[in-house]
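An overview of the molecular structure
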Amino acid sequence: MVNISNSDEHKTFNNNTTNKSGTIRFIPGFNSISKATPTVSIALNNSRGTTDLSITAPSDIINNNSISSTSSHRLLPESTKSYSSLRDIEISFDESLSSRVPNKTSNGNINEVAPIEFTTSNSISQNEHNSYQEILTDLLSESFYSYTPSVCGMGRCGPSVVSNELPNIFNKSETLLSVNKQRLTRFNKNFFIISDAGKPIFTMHRDDKKIIPLAGIINTIVNYFQVNQQAEIKTIHFRNTGQKFVFLNKEHIIIMIHSNLGESFKILQDQCYFLYSYLISTLTSKSLERLFRNRSNFDLGTFLAQSDIENLNSICHLLSNNFYPDIFLNALQSNPIEKRIRNKIHKEILQELHENRDIIPRGTLLYGFLLIGEDTKMAAVIRPQGHTLYTHDIQLLFCLVRRHLHLNTMDRELWIPICFPKFNSSGFLYSYIKTLSLKNKSVMVLLSAQKDAFFKLKLFGDRLLTRLGKDSHIAKIIISDNPCTGFSIKDIPAPLIHHFIFKSTKNAQYIMPIMEYNIKYQDVIENTVSCNDESENNQKYLGNQQKDDIHFMEDGIDLLNYQIKLQRYYMELHNSVTSEDGSKLQSRSVINFIQWDGITSKNISSYGDIDNLQSVNNRRIHIMGMVWCTPHFELYLISNNGVSDKGAISSSAKNILRWCQKHEQRLFIQNGAIF
Amino acid sequence: MLQFKLVLLGDSSVGKSSIVNRFVKDTFDEFRESTIGAAFLSQSIKIKDPKTNQDVIIKFEIWDTAGQERYKSLAPMYYRNANAALVVYDITIADSLLKAKSWVNELKEKVGNSTDDNDNDNDNNNNNNNLVIHLVGNKLDLVEDDPEMRSVATEDAVKYSTDENLLFKEVSAKTDFNIKEVFQTIGEKLYEIRQKELDNNNNKQNKGEINISLPRPSTNDSTSCCS
Ligand SMILES: Nc1nc2c(ncn2[C@@H]2O[C@H](COP(=O)(O)OP(=O)(O)OP(=O)(O)O)[C@@H](O)[C@H]2O)c(=O)[nH]1
Ligand SMILES: [Mg+2]
């Protein structure tokens, strides 16, 4: 089934009113010119007749690949006006097509336990978490039941082993970067920005030959719905492949994301909006408007600088093959720092501000951040009384900072105009960015609304750093090359938990343990599966648990692969408690478990062909994840491989919650330096 | 130590950041990202006082600006208080010299006329009338490999520089040809101007005239010549 939803509100489907219901059919056909080119046509039927929009595209559009094509599209007759009030469209997918489409290619099977939901009162204070735990325990005791065995059949697979590895249960090509880095994103996710005149502006993977017809298709689809439905197309979903297309139509700009990676529509829409926001942040909506005024045909693609293209590219990479929970959590990552030291930092900042009112008069400094790490974890915040910036805007800023950390611009201080779309989409703020330690990746960011405030901010920043540097504890955290912040999963009495994310809703911040991943895991899969002695195998796995085998944050493909896996697991956990359109939780609390079963084997590519695998080559994967959302926090966790005891997991979850609440001041920035 | 502000101007991708990078870090990246906004760096050099033959340390505070047209409105902020401007073009791209010329015009117009410039502070009286402009034709290495690639003849640029009273050199950030020399020349020139000013002031004071120069804004560095 394919479904297209084009309503703003995402009403339920089948909103049939007499005379106004319609069906869109995707009919794979063959273009008369080229036999190899099937046609996808969208046909709208109603009592008054049929109109159709036909798009010719190679099978790529329907199977896993990016839409790439030569397009021949035609918009059909005026009679379609009758659809103007049709808000939701049910689309049926021609069965003949599905047979040509590979089934969802997952090496594992998601065995999703029905969400357990409960409501609680909205006013749960920190101290009341005990009652939470009781409720949780009650619920869990009710919901224990045995799982159906894994898809691949217990008998065939080797015994699962409890370990600290995080295997990949998703289709390898979907989530893992192979040597050929291109593949993943190329075929599983792509981003398109076009102008509403159909001119390509940006695509993640530049292929100029393909982008032009593609821009035409995207534009046609969007226009089709505008003209014929007076509605905006939002999403297209190929249910049997899991493929999703999400559209964002802003004035002058259309953004489309295509993904096979399992994100919900809401997440993809947020990502569309994030790309759009980037354009605003670099141009302002005002100049965007000016550029397109009287020139609907304006070529923004060539107007954008190489740096914009690369910023967009790095954002797209962040959103597709990286671990970037910030957007779906709608939160910023905080850097855990001992409470005493964090308070001291904030106190020193205020003191310095106070003493320097002559060089940095009120109104000069708008906001400030001390960030640590490649993933821009917040160590300190400077903000005016009564004002906070939007998380969304700050995420854009941090993306820019990430980029500069990556570019290694340590030796220079930057002065960069950036527009914050939610704060004020028509004007720039100016950001002073100074890298404090390249190894530690710590950065100071000071924002001002005045474009010539650079030297004032610089002077203030220099003095602040001198002051902070005098305190050896602070210096250690901010300036030193040996970061001693963050925490390990081992610091928490949470047995069997591999990794977790804890978000404090109040602070719009999240934390997670540092990444410790088993670098040898890959080797184990690749090299030892051919070993015939199962027990020896197991010993190796268990051996890997030893501490010295664990490698901390290291650059390279291993880390990236690990992050991609994490992203995918967390995404599915998140999806399990949110509806496609993102509505969730609000006043409700939810606990849900997901169990991922699968096998890893040498023949990882021959998934679905289990019969051919020899049992010695297989190893069962059995990962359980849990998500627990309340109005006050969100906890996502992933168990070690082989753990299937919900009781154990939920008791660890409770311990994590307790620990996070106990250390709240250390983990999160409560107020920051408020001036 | 004397401190001077220097700004780099010129079309996008002519190699401003590469020149700065060569000067400050002595490295070169084949793929350097276009600058957004501007970057601020500093680097010190040593020159010899022509009279006393003593070493003098000169610290450059450098603004590496973005060449992209849309950041043009920010440029005045960077050149307003500059002591020197390095206007860069790419000798393989004729248009980039036109752009450079328009920067030179703008500098002469805006910076020469300091009364125009009173929105900021009491710093109008700095030595912008003595702004040192150095024209630089970059990417010389490209034409050494392939003379066909040259689009701006050396003689044309020399003539223009003489007419406009600019310093001029062809350089290569990639092969580090003439880069240090450019900054050395600018440093010496600025030092010369500074000495002359001091002499003038002394003379005036000796004649009993009042020194009317306005106070400079306070900075943390008392040796700073301007901020
Ligand atoms: N062959 C050669 N290439 C150079 C030289 N200098 C710079 N480049 C290259 O030219 C490109 C642009 O250089 P940048 O230094 O980024 O140019 P820019 O003037 O700073 O550009 P904007 O920041 O956009 O204003 C880069 O790919 C450099 O590698 C040079 O001397 N020789
Ligand atoms: Mg540059």
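Check the entry above for the structure.
The shown structure was predicted, so the numbers you read here are calculated from the model rather than taken from an experiment.

**Let's talk about the packing of helix 11 (residues 339–355) of chain A against helix 14 (residues 454–470) of chain A**
Packed helix pairs are characterised by how far apart their axes lie and by the angle those axes make with each other. All names here are of chain A. Relative orientation of the contacting elements helix 11 and helix 14 amounts to 135 degrees, with a least axis distance of 10 Å. In terms of orientation, helix 11 and helix 14 fall into the oblique class. Crossing of helix 11 against helix 14: the hand is right-handed. Across from Ile-345, Glu-348, Ile-349, Gln-351, Glu-352, Leu-353 and Glu-355 in helix 11, the residues of helix 14 making contact are Phe-460, Arg-463, Leu-464, Arg-467 and Leu-468. Taken together, the residues that form the contact of helix 11 with helix 14 break down as six nonpolar, one polar and five charged.

**Side note on helix 9 (residues 306–320) of chain A**
Residue and element names in this part refer to chain A. For helix 9, which comprises 15 residues, the first-to-last C-alpha distance of 21 Å matches the rise-based estimate of 21 Å (1.5 Å per residue) to within 8%. Within helix 9, eleven of the 15 residues are buried, which leaves it mostly tucked inside the rest of the structure. Within helix 9 the residues assigned to the buried category are Ser-307, Asp-308, Ile-309, Asn-311, Leu-312, Asn-313, Ile-315, Cys-316, Leu-318, Leu-319 and Ser-320.

**Some points on the site of ligand 1**
All names here are of chain B. As a structural note, the neighbourhood of ligand 1 is formed by 24 residues, with Ser-12, Lys-16, Ser-18, Ser-34 and Gly-67 the closest of them. The backbone of Glu-30 places a nitrogen or oxygen atom 2.8 Å from an oxygen atom of ligand 1. In the model, an oxygen atom of ligand 1 is placed 2.9 Å from a nitrogen or oxygen of the Ala-173 main chain. Contact with the protein chains removes 92% of the 650 Å² of surface that ligand 1 exposes when unbound.

**Topic: the coordination of the magnesium ion (ligand 2)**
All names here are of chain B. The coordination sphere of the magnesium ion (ligand 2), as far as protein atoms go, consists of Ser-17 (OG) and Thr-35 (OG1), spread over 2.0 Å. Placement of the pair is Ser-17 in helix 1 (residues 16–25) and Thr-35 in the loop between helix 1 and strand 2 (38–48), with a sequence separation of 18 residues. As far as the burial class goes, Ser-17 and Thr-35 line up, both buried.

**Examining the interface of chain A and chain B**
Facing the 28 residues of chain A at the interface are 27 residues of chain B. For the pair chain A and chain B, the summed buried surface comes to about 2,200 Å²; carbon and sulfur atoms form 57% of the total. For the interface between chain A and chain B, the tally reads three salt bridges. The partner of Asp-452 of chain A in a salt bridge is Arg-80 of chain B, and the shortest N-O contact between them spans 3.8 Å. Those elements that provide at least two residues to the side of chain A that touches chain B are helix 6 (265–283), helix 9, helix 12 (391–407), strand 17 (413–418) and helix 14 of chain A. The pairing of strand 17 of chain A with strand 2 of chain B spans three bridges and is classified as antiparallel. The partner of Trp-415 of chain A across the bridge, within strand 2 of chain B, is Ala-38 of chain B.

**Quick word on the side chain of Arg-342 of chain A**
Residue and element names in this part refer to chain A. Along the chain, the position of Arg-342 falls in helix 11. At 11 Å, Glu-664 is the nearest oppositely charged side chain to Arg-342, a buried residue that forms no salt bridge. A polar atom in the side chain of Arg-342 sits 3.0 Å from the backbone oxygen of Ala-379. Every residue in contact with Arg-342, bar those within four places of it in the chain, is listed here: Ser-334, Asn-335, Pro-336, Ile-337, Met-378, Ala-379, Gln-665, Arg-666, Leu-667, Phe-668 and Ile-669.

**Brief notes about helix 12 of chain A**
Compared with an ideal rise of 1.5 Å per residue, which puts 17 residues at 24 Å, helix 12 of chain A spans 24 Å between its outermost C-alpha atoms and is within 8% of the ideal. Where burial is concerned, most of helix 12 of chain A is hidden: 15 out of the 17 residues are buried.

**A short note on the environment of Phe-428 of chain A**
Residue and element names in this part refer to chain A. Its location among the elements puts Phe-428 in the loop between helix 13 (421–424) and strand 18 (429–437). Sequence separation of Phe-428 and Ile-416 is twelve residues, and the distance between their C-alpha atoms is 9.3 Å. If sequence neighbours within four positions are ignored, Phe-428 has contacts with Ser-281, Thr-282, Leu-283, Thr-284, Pro-417, Ile-418 and Cys-419.

**Comments concerning the packing of helix 6 of chain A against helix 9 of chain A**
All names here are of chain A. Taken N-terminus to C-terminus, the directions of helix 6 and helix 9 make an angle of 155 degrees; their axes are 11 Å apart at the nearest point. In terms of orientation, helix 6 lies roughly antiparallel with respect to helix 9. Handedness of the crossing formed by helix 6 with helix 9: right-handed. For the pair formed by helix 6 and helix 9, the contact residues are Gln-271, Phe-274, Leu-275, Tyr-278, Leu-279 and Thr-282 on the first element and Ser-307, Asp-308, Asn-311, Leu-312, Ile-315, Cys-316 and Leu-319 on the second. A per-class count over the contact of helix 6 with helix 9 returns eight nonpolar, four polar and one charged.

**Concerning the pairing of strand 9 (residues 189–195) of chain A**
Residues and elements named next belong to chain A. Among the seven residues of strand 9, seven are classified as buried, and the element is accordingly described as predominantly covered. Going residue by residue along strand 9, you find Lys-189, Phe-191, Ile-193 and Ser-195 tucked away on one face and Asn-190, Phe-192 and Ile-194 tucked away on the opposite face as well. Two elements, strand 9 and strand 13 (residues 253–259), share seven bridges in a ladder whose sense is antiparallel. Across the sheet, Ser-195 pairs through a bridge with Ile-253, a residue of strand 13. Across three bridges, strand 9 lies against strand 10 (residues 200–203) in antiparallel orientation. Bridge assignment links Ile-194 to a residue of strand 10, and that residue is Pro-200. Taking the residues that link successive antiparallel strands as the turn, the strand 9-strand 10 hairpin has four residues, and the phi of Gly-198 there is positive, at about 90 degrees.

**A few points about a negative patch on the surface**
Negative charge collects at one region of the surface, where Glu-144, Asp-145, Asp-146 and Glu-148 of chain B lie side by side. Take Asp-146 of chain B: it is sitting in the loop between helix 4 (140–145) and helix 5 (154–164).

**Focus: the packing of aromatic side chains**
Per the stated rule, a full pass over the model turns up 25 aromatic pairs over all chains. Centroid distance Phe-60 of chain B to Phe-183 of chain B: 5.9 Å. Interplanar angle 70 degrees. Geometry classified as edge-to-face. Taken as a pair, Phe-60 of chain B in strand 3 (residues 55–65) and Phe-183 of chain B in helix 6 (residues 179–206) lie far apart in primary sequence, 123 residues in all. Here the aromatic residues Trp-415, Tyr-430, Tyr-432, Phe-454 and Phe-455 of chain A together with Phe-40, Trp-63 and Tyr-78 of chain B are joined through ring pairs into a cluster of three or more. One Lys or Arg, Lys-72 of chain B, reaches over the ring of Trp-103 of chain B and ends 4.7 Å from the middle of that ring. Just above the ring of Tyr-160 of chain B sits the side chain of Lys-101 of chain B; from NZ or CZ to the centre is 4.9 Å.

**Quick look at the pattern of salt bridges**
Residue and element names in this part refer to chain A. One pass over the structure, following the stated rule, counts 34 salt bridges over all chains. Notably, a salt bridge pairs Lys-458 with Asp-462, separated by 3.3 Å at the nearest N-O pair. Highlighted residues: Lys-458 and Asp-462, both in helix 14, separated by four residues, approximately one helical turn. What you see here is one network of salt bridges that share partners, running through Lys-344, Glu-348, Glu-352, Glu-355, Arg-467 and Asp-471.

**Some remarks on the pairing of strand 3 of chain B**
Both faces of the sheet carry side chains from a regular strand, because those side chains alternate between them. Residues and elements named next belong to chain B. In terms of burial, strand 3 is a largely internal element, eight of the eleven residues being buried. Sheet analysis places strand 1 (residues 2–10) next to strand 3, joined by seven bridges and oriented parallel. Paired with Leu-6 across the bridge in strand 3 is Ile-62. With eleven bridges connecting them, strand 2 and strand 3 associate as antiparallel partners. What sits directly across from Ser-42, in strand 3, is Glu-61. Between the antiparallel neighbours strand 2 and strand 3 lie six residues, among them Asn-53 with a positive phi of about 65 degrees.

**Let's talk about the environment of Arg-383 of chain A**
Residues and elements named next belong to chain A. Examined against the element boundaries, Arg-383 turns out to sit in strand 16 (residues 377–383). Counting along the chain gives 28 residues from Arg-383 to Asp-411, while the straight-line C-alpha distance between them is 27 Å. Those residues in contact with Arg-383 that lie beyond four places of it in its chain are Leu-366, Tyr-367, Thr-388, Asn-671, Ala-673, Ile-674 and Phe-675. A distance of 3.1 Å separates the side chain of Arg-383 from the backbone oxygen of Asn-671, its partner in a polar contact.

**Some words on the side chain of Asp-141 of chain B**
All names here are of chain B. Topologically, Asp-141 is positioned in helix 4. Buried charged residue Asp-141 carries no salt bridge. Nearest counter-charge: Lys-174, at 4.4 Å. At 2.8 Å, the side chain of Asp-141 and the side chain of Ser-172 are in polar contact. When neighbours within four sequence positions are excluded, Asp-141 is seen to be in contact with Ser-172, Lys-174 and Thr-175.

**As for the sheet that holds strand 1 of chain B**
Judged by pairing direction, the sheet is mixed, and its twelve strands sit side by side in the order 27(A)-16(A)-15(A)-19(A)-18(A)-17(A)-2(B)-3(B)-1(B)-4(B)-5(B)-6(B) without closing on themselves. Only two strands of the sheet have a single neighbouring strand rather than two, namely strand 27 (673–674) of chain A together with strand 6 (167–170) of chain B. Contacting strand 15 (367–372), strand 16 and strand 27 of chain A, helix 11 of chain A runs over the sheet at an angle of about 35 degrees to strand 16 of chain A. Strands in contact with helix 1 of chain B are strand 1, strand 2, strand 3, strand 4 (84–90) and strand 5 (132–138) of chain B; relative to strand 3 of chain B, the strand with the most contacts, it is inclined by about 150 degrees.

Criteria and cut-off values
- Residues numbered from 1 in each chain as written.
- Chains lettered and ligands numbered in written order.
- Predicted model: local features only at pLDDT ≥ 70, side-chain atom pairs only at ≥ 80, totals over all residues.
- Heavy atoms only, no water.
- Axes fitted to C-alpha atoms, helices over the stretch in contact; angles between N-to-C directions.
- Helix = DSSP H or I, 4+ residues; strand = E, 2+ residues; numbered from the N terminus.
- Parallel < 35°, antiparallel > 145°, perpendicular 65-115°, else oblique.
- Left-handed = near helix turned anticlockwise from the far one by under 90°.
- Contact = heavy atoms within 4.5 Å.
- Nonpolar A, V, L, I, M, F, W, Y, C, P; charged D, E, K, R; others polar.
- Expected span 1.5 Å × (residues − 1).
- Buried < 20%, exposed > 50% of the residue type's maximum accessible area, 1.4 Å probe, protein only.
- Near = heavy atom within 4 Å.
- Polar contact = N/O pair within 3.5 Å; in protein donor to acceptor, adjacent residues only side chain to side chain.
- Areas by Shrake-Rupley, 256 points an atom, 1.4 Å probe, with all protein chains shown as cover.
- Donors = N, O, S within 2.8 Å, 3.2 Å for Na, K, Ca; no water.
- Buried area = accessible area lost by both parts, 1.4 Å probe.
- Salt bridge = Lys/Arg side-chain N within 4 Å of Asp/Glu carboxyl O.
- Pairing = 2+ DSSP bridges.
- Lys, Arg positive; Asp, Glu negative; His and termini not counted.
- Patch = residues over 30% accessible without salt bridge, like charges linked within 9 Å, V, L, I, M, F, W, Y side chains within 5 Å.
- Charge placed at Lys NZ, Arg CZ, Asp CG, Glu CD.
- Phe/Tyr/Trp six-rings, centres within 6.5 Å; stacked < 30°, edge-to-face > 60°.
- Lys NZ or Arg CZ within 6 Å of the ring centre and 35° of its normal.

Just distances and angles here, no functional claims.
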